Every structure is written in structure tokens, then in C-alpha cells.
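Letter by letter, the chains look like this.
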Amino acid sequence: MRAMLEQELPRDEIERNIQKFSRGIDLATAPETQLLFSHRLDPRIGTWGFTYDNMIGVDVRLLLGQTETARRVLEFYRTKPGIQKLGGVVTGIHADRPEGSMAEAHVMNGPLAFQLIGELHTYDATQDQRNFNAAIKQAEYLLSMQNTTKGAFNFGGFRMGPKGDPNNPYDQRLNFDPNAAQWYDLYNTEHNNDIRRAFKLLCDVLQYKDGDYRGLIQKLEYSIKINLEWRRKMYDPRKHLFYVGSTDVGYYSGYWDMTFKKGEPIPLHPLDATAWGVDDLGFIESLESDAVSKIREAIDKNFLITIPFERLDGKKVNITLYGFMTHEERARARNYKEIGPDGDELSFIGIGRPELGSFEWSSEVVINVDLYLATSYAKRGMMKEAEFYLRRYISGV
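Let us look at the structure shown here. By convention here, each chain's residues receive numbers from 1 onward along its written sequence. Residues qualify for local features only when their pLDDT is at least 70, as the model is predicted, and side-chain atom pairs are given and counted only at 80 or more; totals for whole chains, interfaces and linings, by contrast, use all residues. No hydrogens and no water enter the side-chain calculation; it runs on all heavy atoms of the structure.

Quick look at the overall build of the chain
Part 1: Helix and strand definitions follow DSSP, with helices as H or I runs of at least four residues and strands as E runs of at least two, each counted in order from the N terminus. Within the chain, the regular secondary structure consists of 14 helices and 16 strands.
Part 2: Atoms counted for the radius of gyration: C-alpha only. Globule rule: 2.2 Å times the number of residues to the power 0.38. Radius of gyration (C-alpha) of the chain: 21 Å, near the 21 Å computed for a compact globule of 397 residues.
Part 3: Seen through its principal axes, the chain has C-alpha atoms that stretch 60 × 55 × 50 Å.
Part 4: Exposed residues in this analysis have more than 50% of their type's maximum accessible area, buried residues have under 20%, and partly exposed residues fall in between, with area computed by a 1.4 Å probe over protein chains only. Across the 397 residues in the chain, those meeting the buried criterion constitute 51%.
Part 5: Any two residues whose heavy atoms approach within 4.5 Å at even a single point are treated as in contact. Relative to all contacts within the chain whose residues are 6 or more apart in sequence, the contacts with residues 24 or more apart total 61%.
Part 6: Accessible areas in this description were obtained via Shrake-Rupley with a 1.4 Å probe; residue shielding takes into account the shown protein chains only. When the accessible surface of the chain is split by element, carbon and sulfur atoms take 52% of a total near 20000 Å².
Part 7: Under this rule, positive means Lys or Arg and negative means Asp or Glu; His and the chain ends count for nothing. Think of each charge as sitting on NZ of Lys, CZ of Arg, CG of Asp or CD of Glu. Averaging the locations of the 50 positively and 56 negatively charged side chains of the chain gives two centres separated by 2 Å.

Right, dumping it as C-alpha cells:
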């Protein structure tokens, strides 16, 4: 496999692209804080840095050898009171404000899982006990967000976030809508994938850490076990894709003109629910006969799009990549135009969303699905299958 990679992806070409990527990261970095701007050129939210982006950015910094910057970013998120809320950090902050200032006042558990992962990877690079302690604290918080009511439909699922302020009907609700469900009542498949992945990594670290962590390891392993029970309910064998998640309360979604019912999956299938979820080959194989190939084919069938793209040199080309919604769901989604001075008012346009592709969503497929499957099959000695998915990975890169 290494020979195939080196032949198809020459090291010098990879190095050149890494340097280009590194320069792009530098341009998106706020010099005041070393945090990343998420949408630097957007006049409305150009100062915003989303927690998810900055926690992924910690891992990027480590891969680029910028360990001190990774450490500083995590310290910023841990120590600035202005961005703390309900036991975690908010989803969006102003990246250029050293004092720490909220931009989006949600607290959601998916980004916090990536914060845990960033702390563990930075601990591995530095052996700084502060990173390890922060990871343990984060894990204990996320454990408290798991539904442990046996017999409940959502038993084993991790909630999207904590309860909001009872005196503020807008707090911790979808789109800050008092008529929508609270994050506490919602279970997002992709967030559950994030948390489960973080817990697996923490278990690996604790195995080799001095001290008696057997009790915590047992808690984490049990948490992962019951989470898989919930996750099995989120698989749609008709479409060979995972549902977006589920809810503890029924509620109406104007965006979809649908009522989502408690006690059953929400009938939508965004790409990340499946692409981030191919992290346990044995579990995937247990879902149905030939599940791996069915899921991989379903991803291409439902999400691949071809759109026009203008390169940096001005040349216009068509590119094929992955969108976020299935073709069928995109065709029936209600489409809105953002209006108002802050772009936070919506005006209904009509039914059907235009095609929207993303290199982020495409990389989820290339890395989290194709590369994972290639390496997993190689570990089993199933080289024919490993090479098949490795070629898909190389093609995607």
C-alpha cells in the first residue's frame, strides 16, 4: 500500500500542497489570538471563529509542527470567562478579541468532543498535564450528556447540548426559536460519532497513563457500548445511510414543513451522519449483509454533484464533489433568502435548494470512509479490499 501511495501521490507534490495549505491557514489566523477565522471574507461574520473549526485547527497546527500555537488556542478556550456557558464553550466567538467574546451563544456537544480530541493530541505532543486534566474534565461533562434511561428510545444517545436558561425561552433552541426543540432534547448522529471517537481515543491514552483509571475506562467503554445500541436505530437499511438523529419531543420544522416525532428517527440523511460514522468496521458489517459496499455506493448515489468552479487563475471548470443533502431531500427542502442588516431574517423563496458542494464534506468521504476502510482491511490482511478503497482515496485526493 505504501508503494502505491508513493507512486500515485509523489512526496514532493504532497509537500508543495502542504506548504500552500499552511499559507492559507496563516492568512485565516487572527494575529491577536492565533485563533482561526471561519469565514474571513464574509462581511457579516468575518470576525467569527467557530469552535469546531478551531478545534480541528488544533490538530492541523500539530500536523504542521506548530505545537505552541495549538497549545495557546486550547488555553484560550479553557481560560476566557467571556466564552464559557453552561459548563462548556459557545459554538462561535470573535476570533480577533483577546478578552474572549461570544458571537454565537449556543453550547453544543459535537464541537466539545473535538476540543477533547485536541487536548489529547496536544498532550501526546507535549506531555503537559494541563491538557490531560482538561480532557478528563471534558469527558466527564460529555458523559453527563448521555441518555441513560433504560427502555427509552434514545437510551445511549448523547444529547446535542445542555438545557438552556429556564427564564430565557430562546436559549439553547434550534435557531433560537422558542417553538423549536431544545438542544437537550435532540440527538444528532454526527455529534454522537464525534463523542464516541473522542472516548475511544481517551481509552487508548488511559491504558498507558500512570495511575488507576480502570473505573473511568469502564465508564467510557460502557458509554460506547450503549451508544452503539442507539446508533443501530439510526441506520436506514432502505437507503443504506444513517439518519440525522432523533428527538425526545415532537416538533414542527418549518424548514422541511414536517413534524418530527419522538420515538423514531428524524427522516433526513445528511452526509456527515454517514461519512463521520464509518469508524468501526465490525459494527458497520453487522448492520446488514454487504453493508460496507452498500453504504459506499449510497454515498455516491445520493451526494455526488457536478458544479461550475472558478480557479484562482480565473479559468472556469466543472468539478465533481459531494454535497450535504441527498438529491431527493434537497429537491423538497424549503429555500430561504437571508435578509436584514445582519442576515438573520429569512424570506421564503420556494421549494428546492440549489446544488451546494464542499471540499470539507468531500474530504469527510475521502478520509473518514475510503482511507479508514483501506487501513482497516489492510489490518485484517484483506489486501484486495484494502487496495480497492485505497485507490478511491487516491482518486479523491
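Moving on from the coordinates now.
With respect to the environment of lysine 294
Part 1: Structurally, lysine 294 is set in helix H11 (residues 291-303).
Part 2: Placed 268 residues apart in sequence, lysine 294 and aspartate 26 show a C-alpha to C-alpha distance of 40 Å.
Part 3: In contact with lysine 294, not counting residues within four places along its chain, are His240, Glu288 and Ser289.
Part 4: Within the local environment of lysine 294, its side chain forms a polar contact with the backbone oxygen of serine 289, the two atoms lying 3.0 Å apart. Any pair of nitrogen or oxygen atoms within 3.5 Å is treated as a polar contact; in protein, a donor-acceptor pairing is required on top of that, and neighbouring residues in sequence qualify only through side-chain atoms on both sides.

Some details on unusual backbone geometry
Part 1: In this model, glutamine 172 sits at a positive phi of 60 degrees, which is unusual for a non-glycine residue.
Part 2: The backbone of phenylalanine 176 sits at a positive phi, close to 55 degrees, despite the residue not being glycine.
Part 3: Checked against the element boundaries, phenylalanine 176 lands in the loop between helix H6 (129-143) and strand E6 (186-188).
Part 4: For phenylalanine 176, a relative accessible area of 33% gives the class partly exposed.

Side note on the packing of H11 against helix H13 (residues 359-379)
Part 1: Look at H11 against H13: their axes get within 12 Å of each other, and the N-to-C directions meet at 160 degrees. Considered as vectors, H11 and H13 are oriented roughly antiparallel to each other. The handedness of the crossing between H11 and H13 comes out as left-handed. Between H11 and H13, the residues in contact are Val292, Arg296 and Ile299 and Val365, Val369, Asp370, Leu373 and Tyr377, respectively. Lines fitted to C-alpha atoms define the axes, with helix axes restricted to the stretch in contact, and inter-axis angles between N-to-C directions lie between 0 and 180 degrees. Angles below 35 degrees are treated as roughly parallel, those above 145 as roughly antiparallel, those between 65 and 115 as roughly perpendicular, and all remaining angles as oblique. By convention the crossing between two helices is left-handed if the near helix lies anticlockwise of the far one by an angle smaller than a right angle, and right-handed if it lies clockwise.

Some details on the sheet that holds strand E4 (residues 92-94)
Part 1: By the convention used here, strands pair only if DSSP detects at least 2 bridges between them. Strand order in the open sheet made by the three strands is E1-E4-E5, with antiparallel pairing throughout. Edge positions in the sheet fall to strand E1 (48-50) and strand E5 (102-104), since each has one partner strand and no second. When the angles between neighbouring strand axes are averaged without regard to direction, this sheet yields 40 degrees.
Part 2: The pairing of E4 with E5 spans two bridges and is classified as antiparallel. When the bridges of E5 are listed, isoleucine 93 appears paired with methionine 102.
Part 3: Sitting on the sheet, helix H3 (residues 51-63) touches E1 and E4, and the angle it makes with E1 is about 65 degrees.

Details of the pattern of salt bridges
Pairs can form between side chains of opposite charge whenever their charged atoms are close.
Part 1: The working definition used for a salt bridge is a side-chain nitrogen of Lys or Arg within 4 Å of a carboxyl oxygen of Asp or Glu. Tallied over the full model, the rule gives 24 salt bridges.
Part 2: With its nearest N and O atoms 2.6 Å apart, the salt bridge here joins arginine 71 to glutamate 68. Here arginine 71 and its partner glutamate 68 are both found in helix H4 (residues 67-79), three residues apart, which amounts to about one turn of the helix.
Part 3: For arginine 231, the salt bridge is made with aspartate 279, and the minimal N-O distance between the two is 3.5 Å. Here arginine 231 is found in helix H8 (residues 214-233), whereas its partner aspartate 279 is found in the loop between helix H9 (271-275) and helix H10 (281-287), with 48 residues between them in sequence.
Part 4: Among the residues examined, aspartate 279 registers a relative accessible area of 13% and is labelled buried.

Looking at the packing of H3 against helix H5 (residues 109-126)
Two quantities define a packed helix pair, namely the angle between the axes and the distance from one axis to the other.
Part 1: Viewed as axis vectors pointing N to C, H3 and H5 meet at an angle of 20 degrees, and their least axial separation amounts to 8 Å. As summarised for this structure, H3 and H5 are arranged roughly parallel, according to the angle between their axes. At the point where H3 passes H5, the crossing takes the left-handed sense. Between H3, through Thr51, Tyr52, Met55, Ile56, Val58, Asp59 and Leu62, and H5, the contact on the second element is made entirely by Pro111, Phe114, Gln115, Ile117, Gly118, His121, Thr122 and Ala125.
Part 2: Tallied by class, residues from the contact of H3 with H5 come to nine nonpolar, five polar and one charged. Amino acid classes used here: Ala, Val, Leu, Ile, Met, Phe, Trp, Tyr, Cys and Pro are nonpolar; Asp, Glu, Lys and Arg are charged; the rest, including Gly, are polar.

Digging into the sheet that holds strand E12 (residues 265-266)
Working definition: the strands of a sheet are paired by backbone hydrogen bonds and lie parallel or antiparallel to each other.
Part 1: Spatial strand order, E6-E9-E12: three strands in an open sheet with antiparallel pairing. A strand with exactly one partner marks an edge of an open sheet, and here the two such strands are E6 and E12.
Part 2: When strand E9 (residues 245-247) meets E12, the two strands line up antiparallel, connected through two bridges. The residue of E12 that forms the bridge with serine 246 is proline 265.

Considering the pairing of strand E13 (residues 304-310)
Part 1: Across seven bridges, E13 lies against strand E14 (residues 316-322) in antiparallel orientation. By the bridge assignment, proline 308 is partnered in E14 with asparagine 318.
Part 2: Between E13 and E14, which pair antiparallel in sequence order, lie five residues; one of them, glycine 314, sits at a positive phi of approximately 90 degrees.

Description of the nonpolar core
Part 1: Within this scheme, the nonpolar core is defined by two criteria: the residues are buried Ala, Val, Leu, Ile, Met, Phe, Trp, Tyr or Cys, and they are joined through side-chain atoms within 4.5 Å. Counting 46 residues, the largest nonpolar core has Tyr77, Leu116, Leu142, Phe199, Leu206 and Leu220 as the members making the most contacts within it.
Part 2: Breaking this core down by element, the ones donating at least two residues are H3, H4, H5, H6, helix H7 (189-207) and H8.
Part 3: Residue contacts for phenylalanine 199: discarding those within four places in its chain leaves Leu116, Ala139, Leu142, Leu143, Phe158, Leu220, Ser223 and Ile224.

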